[in-house]
Amino acid sequence: MALSFGALWYPGQNEEDWQLELDQAIERSIASQAFLEGKLDADDYLELVFQQGYEPEEIIEDVLTPRTGGGIL
Amino acid sequence: MATPVWKLQRMLRDAQARETYLSTERPSKTTYDAQPRKKAVYTPLLLKVGAEYPKLLLSISEAALTFFGGATALGLSETPTDLADAVRAPRNFRPSKLMAMVGDGTPAPKKAYGGTGPRYIDYSGNTAGNAQAHFTAPISCGDQTPTYDQLRTKANAIRNAKLAALGSYGRLDLILEVANVSLV
């Protein structure tokens, strides 16, 4: 499930970028949960995803692709 | 037309090789790599039962717990009362988790599929023996009412503590919780 994709830290990343990653991840997480609970309209959700620099179509495809293997960790 | 000699020789060679292959045991690993896991209690960020945040029992890799600095750093509880009270996570619930890859300072090129595949560079670290380079552990807010800010503080603390250990090619990934769960 790609609805909540995380924040990535890599070597050489500066502090602002890391905090921005965290901000965006948290924003996505809140929006995803609101969407799952039916409190956020699908269009608004996709708009937020698009504003963060992702292609909604690609993510929808990813979500619809069945997850293989693994537990919850 | 008679079968040429080279073809018969090749068939003989292949048949003998096949027989040798089938009559010998396949090599397999005789040792067992222990991957011990430990139970700990996770407090969810999004999942609520009524007004309460339920305590969820998760099974966590001991190596990852040690790497990230123990259960307290990850906001998990290991007290016997919590462990006794905790329940299993519902279906489709995915906890917030930290995923780390320890980088190797001098990455070496490798060939995939045991030497016959394409060349790639392995940046994952700890080349000494069978040392583990990838760690995954859930991260929660602990006892207090969970908020994103607390999770951020915890993630920041772990990142700062692990900067040196992750090395020049390491990665640290914070995946936030997905509670696509309907509780009746």
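What comes next is a walk through the structure. (Residues numbered from 1 in each chain as written. Chains lettered and ligands numbered in written order. Predicted model: local features only at pLDDT ≥ 70, side-chain atom pairs only at ≥ 80, totals over all residues. Heavy atoms only, no water.)

**Section: the overall build of chain A**
As a reminder, the rule being used: We count a stretch as a helix when DSSP gives it H or I for four or more residues in a row; a strand needs E for two or more, and each element gets its number in order from the N terminus. It only takes one pair of heavy atoms within 4.5 Å for two residues to be counted as in contact. The protein chains shown are the only cover counted for residues, whose accessible areas, like all others here, come from Shrake-Rupley with a 1.4 Å probe.
Helix and strand counts for chain A come out as 3 helices and 1 strand. Listed by position from the N terminus, the elements making up chain A come as β-α-α-α. In chain A, of all internal contacts separated by at least 6 residues, the share reaching a separation of at least 24 is 39%. Put simply, chain A shows about 4,500 Å² of open surface, and 53% of that area lies on carbon and sulfur atoms.

**Section: the pattern of salt bridges**
Rules: For this document, the term salt bridge refers to a Lys or Arg side-chain nitrogen within 4 Å of an Asp or Glu carboxyl oxygen. Buried, partly exposed and exposed residues are distinguished by accessible area as a fraction of the type maximum, computed with a 1.4 Å probe on protein chains only: under 20%, between the cut-offs, and over 50%, respectively.
Taken as a whole, this structure holds 6 salt bridges over all chains when the rule is applied. A salt bridge links Glu 15 of chain A to Arg 159 of chain B; the nearest nitrogen and oxygen atoms lie 2.7 Å apart. A residue pair is termed interchain when its members come from two chains, as with Glu 15 of chain A in helix H1 (residues 15–36) and Arg 159 of chain B in helix H6 (residues 148–166). Looking at Arg 159 of chain B, the relative accessible area reads 5%, which means it is buried. Between Glu 37 of chain A and Lys 39 of chain A there is a salt bridge whose closest N-O contact spans 2.9 Å. We classify Lys 39 of chain A as exposed; its relative accessible area is 66%.

**Some remarks on the sheet that holds strand E1 (residues 7–9) of chain A**
What counts here: For two strands to count as paired, DSSP must find a minimum of two bridges between them. Between N-to-C directions, angles span 0 to 180 degrees; the directions come from axes that are lines fitted to C-alpha atoms, helices contributing only their stretch in contact.
Strand order across the open sheet formed by 4 strands is E1(A)-E9(B)-E5(B)-E8(B), with antiparallel pairing between neighbours. Here the strands that pair on one side only, and so sit at the sheet edges, are E1 of chain A together with strand E8 (134–138) of chain B. Across this sheet, the average inter-strand angle for adjacent strands is 15°, counted without regard to direction. Its contacts with the sheet put H1 of chain A on E1 of chain A together with strand E9 (171–175) of chain B, and the angle it makes with E1 of chain A is roughly 160°.

**Some remarks on the packing of H1 of chain A against helix H2 (residues 42–51) of chain A**
Residue and element names in this part refer to chain A. For clarity, the cut-off: Any angle that falls under 35 degrees is termed roughly parallel, while one over 145 is termed roughly antiparallel, one within 65 to 115 roughly perpendicular, and all others oblique. Two helices crossing with the near one rotated counterclockwise from the far one by less than a right angle form a left-handed crossing, whereas a clockwise rotation gives a right-handed crossing. Under this grouping Gly is polar, as are all residues other than the nonpolar Ala, Val, Leu, Ile, Met, Phe, Trp, Tyr, Cys and Pro and the charged Asp, Glu, Lys and Arg.
The contact between H1 and H2 brings their axes to 10 Å, and the two run at 165°. With respect to H2, the axis of H1 lies roughly antiparallel. The handedness of the crossing between H1 and H2 is left-handed. Listed contacts from H2 to Glu 27, Arg 28, Ala 31, Ser 32 and Phe 35 of H1 are Ala 42, Tyr 45 and Leu 48. By residue class, the composition of the contact of H1 with H2 is 5 nonpolar, 1 polar and 2 charged.

**Some remarks on the environment of Phe 50 of chain A**
Residue and element names in this part refer to chain A. Residue placement: Phe 50 occurs in helix H2. For the pair Phe 50 and Thr 65, spaced 15 residues apart in sequence, the C-alpha to C-alpha distance is 20 Å. Residues within four places of Phe 50 in sequence aside, it is in contact with Glu 55 and Pro 56.

**Brief notes about the interface of chain A and chain B**
To keep things clear, this is the line we draw: Two N or O atoms form a polar contact when they lie within 3.5 Å of each other; inside protein one atom must be a possible hydrogen donor and the other a possible acceptor, and for residues adjacent in sequence the pair counts only when both atoms belong to side chains.
Taken residue by residue, the interface counts 23 residues in chain A and 32 residues in chain B. Counting the contacts that link chain A with chain B gives 2 salt bridges. Counting every contact that joins chain A to chain B gives 8 residue pairs in polar contact (both at pLDDT 80 or more). Element by element, the count of residues in the side of chain A that touches chain B is highest for H1 of chain A, at 11 residues.

**Digging into the environment of Arg 18 of chain B**
With respect to the helices and strands, the residue Arg 18 of chain B is situated in helix H1 (residues 5–23). Through-space distance from the C-alpha of Arg 18 of chain B to that of Cys 141 of chain B is 60 Å; in sequence the pair is 123 residues apart.

**Quick word on unusual backbone geometry**
For residues besides glycine, phi is generally negative; the peptide bonds are generally trans as well. Residues and elements named next belong to chain B. One non-glycine residue, Asn 92, adopts positive backbone phi at about 70°. Position of Asn 92 relative to the elements: it lies in the loop between strand E3 (87–88) and strand E4 (93–94). Given a relative accessible area of 41%, Asn 92 falls into the partly exposed group.

**What about the packing of aromatic side chains?**
Residues and elements named next belong to chain B. Just so we agree on the cut-off: Only centres within 6.5 Å qualify two rings of Phe, Tyr or Trp (six-membered ring in Trp) as a pair; their planes then separate them into stacked at under 30 degrees, edge-to-face at over 60, and tilted for everything else.
Enumeration according to the criterion identifies 5 aromatic pairs over all chains in this entry. Plain terms: the ring middles of Tyr 42 and Phe 93 are 6.1 Å apart, the flat faces sit at 70° to each other, and that makes the pair edge-to-face. Here Phe 93 lies in strand E4 and Tyr 42 lies in strand E1 (residues 37–42), a separation of 51 residues in the sequence. The class of Phe 93 is buried, set by a relative accessible area of 0%. Geometrically, the ring pair formed by Phe 67 and Phe 135 is stacked, given 4.2 Å between the ring centres and 5° between the ring planes.

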